[in-house]
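Chain by chain, the residues run as shown.
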Amino acid sequence: MDLSYFNARVRGLKGALLGDEDYEAFLKLDDAERFHESLKSTRYGPYIETAGARYSRAEEIVSEALRVNLSDTLSHLWKISPPQARPLLKAVVSVWEVYNIKAIIRGIARGVRRDEILGAVVPAGEFDRSAVKDLLGSRDLNDLVRFLDSWGSPYAKPVKAGLGSFTASGHIMDMEMNIDRFIFGHLFSTVGSAGLDGKVIRDFTVLRVDLQNILTLFKIAGEGFSRAGAGDFFMDGGGRLKKKEFFRLSLLKNREELIESLVSVIRDADIRDALSFVDPSEVALLGEKFDELAERRLARLSIMEPLSVALAASFIYSKVREVKNLRLLSRSKSFAIPESETRRLLL
Amino acid sequence: MEKSSPTRQQLLILREQFDAVKKGLDLLKSKREALMKEFFDIVEESVGMRDDLTGLLSRAFRDLERAKALNGFALESFAHAAGRKVNLNIRVRNIWGVKVPEIEETTLTRSLEARDLSPVGERAEVIEVAVEFEKASDLIVKIASKEVMLSRVGEMIKSDTRKVNAITEMMLPAMRRRIRYIERVLEEREREEVFRLKRYKSMRPGT
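Draft legend 1. Looking closely at the overall build of chain A. A tally of regular secondary structure across chain A gives 19 helices and 0 strands. Relative to the 2.2 N^0.38 estimate, which gives 20 Å for 347 residues, the radius of gyration of chain A is 21 Å and therefore close to what a compact globule would have. Considered along the principal axes of its C-alpha atoms, chain A spans approximately 55 × 50 × 45 Å. A fraction of 61% describes how many contacts in chain A between residues 6 or more apart in sequence connect residues 24 or more apart.

Put into structure tokens, the structure is as follows:
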């Protein structure tokens, strides 16, 4: 697959990302207003202006501007990507697709106002802005399934499979679990393993499954799930953490013990490093560490294989990281979070 | 105090009443002491719980800000799914005859399963923030129950103190004065009687 032109454009996008010196300058600013003003002089300026018409507080303006900018960047990347590269890019963009469809299901199921749901989604990939608006026009979840079905969306099947449980008990967990189980299987079947790009994305998806399974273990630790109950949360397709090990580790109640056991089970040096770094009382940051790990791996691959799809995939992670960093800076200025703490959390 | 004729029978009734009021006063004092003990126990517990709440909320808000910064969108979507109605049962507890409302203990902190969301794609920090705020809500309900109790017991102590003061400062001294008055009148009558008898004896012929 010839991605040279596409990759050149992605390099341009990547080059426009903020660098360490920009973050240093932002860190030195005294308050949220100054941060807000200096962000206006970057390419986020037009987004800040537009968001300023809707919101009044600096951190709300920045947050909305970043959300729309991220969505626009992902849509732009999707638009400029050659059609044959899209199934591969979907492996990364699917994180947002899954997030969006879940956010829409939650909102509709719980009767949340549509504009509030819209404020929580990040249109990307298959669910671009117009698709999201159409989906939000659904009266209920049955209607949502009809929309997805009529578009031929692959997400129609898992959502439909969970409708029975929702109708019977009002529970959406089955629907969400179906989507989580479906997406990895779907990615493995569409990506294939042919060619360099296929291999890159397949390996990346395997890593994503492994990281997801490890994070799930931390979330269910101490929740009192039985072996079988915890097994429902295991995602197939990973390579570093076997189902048998997942079952065994899911019974551990203590996070320290879990970290120790994972370090002894996982062979991957980067994952072991991330696990050793994590403080058992602050595993919340492990998700960010794992995102960083995935980004680093893709960035490494994009250097080793400069013509592969790894560059675009790594750009998506870098862009998401930039958005997170800017949100963090904005909130740290608004709520006077100490600079040392902000520095620690900057990704 | 109602004025009555100074008779022996009245004296006996008054003495009986005096003893009954004194016993009542002792009982009222013990009730007040018991209520005070209960009051200070609740105060101590309540202050401890408020300290815990302050610690819990400051941690919860710090983590909320961090989650908003790192995963603000995910947090919003999670919050949309987390909405629910919470019913609290209130029962009446009897402390030394004082009826105080008490909120029945209930656990608002939900298990992962009860959240009705797939934990697979959910951010751990978002779930942790939810747990922290639910723990804070549990504590707020407990504190509310204790503080309602505290205000009812406090009101009762105040009212009992007023009663004790009225009895010791007004009622008992008045009764005591009346008893003494009747006793004096009766003694006077007795002395008159003795004098009359002596006089009668001296006036009798042949003595």
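So much for the structure itself; the text now carries on.
Draft legend 2. Region of the structure containing the nonpolar core. Counting residues in hydrophobic clusters, the biggest one holds 122 residues, and the most contacted among them are Leu89(A), Ile104(A), Val309(A), Ala312(A), Ala313(A) and Ile316(A). Per-element accounting of this core gives the leading share, 14 residues, to helix α6 (residues 86-109) of chain A. Grouped together as the second largest cluster of nonpolar side chains are 5 residues, Leu35(B), Val100(B), Met149(B) and Val153(B) included.

Draft legend 3. The interface of chain B and chain A, seen in detail. Facing 26 residues of chain B, the contacting portion of chain A comprises 41 residues. Sorting the residues of the side of chain B that touches chain A by element identifies α1 (8-82) and α2 (124-203) of chain B as the ones contributing at least two each. Counting residues per element, the side of chain B that touches chain A draws most heavily on α1(B), at 12 residues. Here the side of chain B that touches chain A is composed, by residue class, of 11 nonpolar, 7 polar and 8 charged.

Draft legend 4. View of the packing of helix α12 (residues 195-220) of chain A against helix α14 (residues 243-250) of chain A. All names here are of chain A. Across the interface, α12 lies against α14 with an axial gap of 10 Å and an inter-helix angle of 20°. Between α12 and α14, the angle is such that the two are roughly parallel. Judged by the twist between their axes, the crossing of α12 over α14 is right-handed. Each of Asn213, Leu217 and Ile220 in α12 lies in contact with α14, whose residues at this interface are Phe246, Leu249 and Ser250. Within the contact of α12 with α14, the residues separate by chemical class into 4 nonpolar, 2 polar and no charged.

Draft legend 5. The arrangement of helix α1 (residues 4-15) of chain A in detail. All names here are of chain A. For α1, with 12 residues, the first-to-last C-alpha span of 16 Å sits near the 16 Å given by 1.5 Å per residue. Taken together, the buried positions of α1 are Phe6, Asn7 and Val10. Down the axis of α1, the smallest arc covering the buried residues is 95°, so these residues share one side. With respect to the buried face of α1, the exposed residues turned more than 90 degrees away are Ser4, Tyr5, Ala8, Gly12 and Gly15. In the core, the buried residues of α1 are packed alongside α5 (58-80) and α18 (310-334).

Draft legend 6. Seen up close, the environment of Asn100(A). Residues and elements named next belong to chain A. In this structure, Asn100 sits in helix α6. Judged by C-beta crowding, with 27 C-beta atoms within 10 Å, Asn100 ranks as buried. Spatially, the C-alpha atoms of Asn100 and Asp128 are 9.8 Å apart, while their sequence positions differ by 28 residues. Here Asn100 is in contact with Val121, Val122, Pro123, Ala124, Phe127 and Val132, once residues within four sequence places are set aside.

Draft legend 7. How the structure looks around the pairing of strand β2 (residues 98-103) of chain B. Residues and elements named next belong to chain B. Pairing analysis gives 6 bridges linking strand β1 (residues 90-95) to β2, with the strands arranged antiparallel. When the sheet's bridge partners are listed, Val92 is paired in β2 with Pro101. Taken together, β1 and the strand that follows it, β2, pair antiparallel across an intervening segment of 2 residues, in which Trp96 is found at a positive phi of about 50°.

Draft legend 8. Up close: the domain arrangement of chain A. Residue and element names in this part refer to chain A. We note that the domain assignment places domain 1 (1-80 + 311-347), domain 2 (87-191) and domain 3 (201-308) within chain A. For domain 1 versus domain 2, the distance between C-alpha centres works out to 26 Å. Facing the 9 residues of domain 1 at the interface are 10 residues of domain 2. Of all the secondary structure elements, the ones that give two or more residues to the side of domain 1 that touches domain 2 are α5 and α18. Per-class residue counts for the side of domain 1 that touches domain 2 are 6 nonpolar, 2 polar and 1 charged.

Draft legend 9. Quick peek at the environment of Glu97(A). Residue and element names in this part refer to chain A. Along the chain, Glu97 turns up in helix α6. Glu97 gets classed as buried once you count the C-beta atoms within 10 Å, which come to 22. Glu97 sits 25 residues away from Val122 along the chain, and the two C-alpha atoms are 8.5 Å apart. With near-sequence residues (within four places) excluded, Glu97 lies in contact with Ala124, Gly125, Glu126 and Phe127.

Draft legend 10. Structural view of the confidence of the model for chain B. All names here are of chain B. Averaged over all residues, the pLDDT of chain B is 90; the fraction at 70 or higher stands at 98%. Mean pLDDT across the secondary structure elements of chain B bottoms out at β2, with 86, and peaks at α2, with 93. Reported confidences for the modelled complex are a pTM of 0.82 and an ipTM of 0.85.

About the criteria used
Residues numbered from 1 in each chain as written. Chains lettered and ligands numbered in written order. Predicted model: local features only at pLDDT ≥ 70, side-chain atom pairs only at ≥ 80, totals over all residues. Helix = DSSP H or I, 4+ residues; strand = E, 2+ residues; numbered from the N terminus. Rg over C-alpha atoms; globule rule 2.2 N^0.38 Å. Contact = placed C-beta atoms within 7 Å. Core = buried A, V, L, I, M, F, W, Y, C linked by C-beta atoms within 7 Å. Buried ≥ 20, exposed ≤ 12 C-beta atoms within 10 Å, placed from the backbone. Nonpolar A, V, L, I, M, F, W, Y, C, P; charged D, E, K, R; others polar. Axes fitted to C-alpha atoms, helices over the stretch in contact; angles between N-to-C directions. Parallel < 35°, antiparallel > 145°, perpendicular 65-115°, else oblique. Left-handed = near helix turned anticlockwise from the far one by under 90°. Expected span 1.5 Å × (residues − 1). Arc of directions from axis to C-beta. Pairing = 2+ DSSP bridges. Domains from an automatic or database assignment. pLDDT = per-residue confidence, 0-100.

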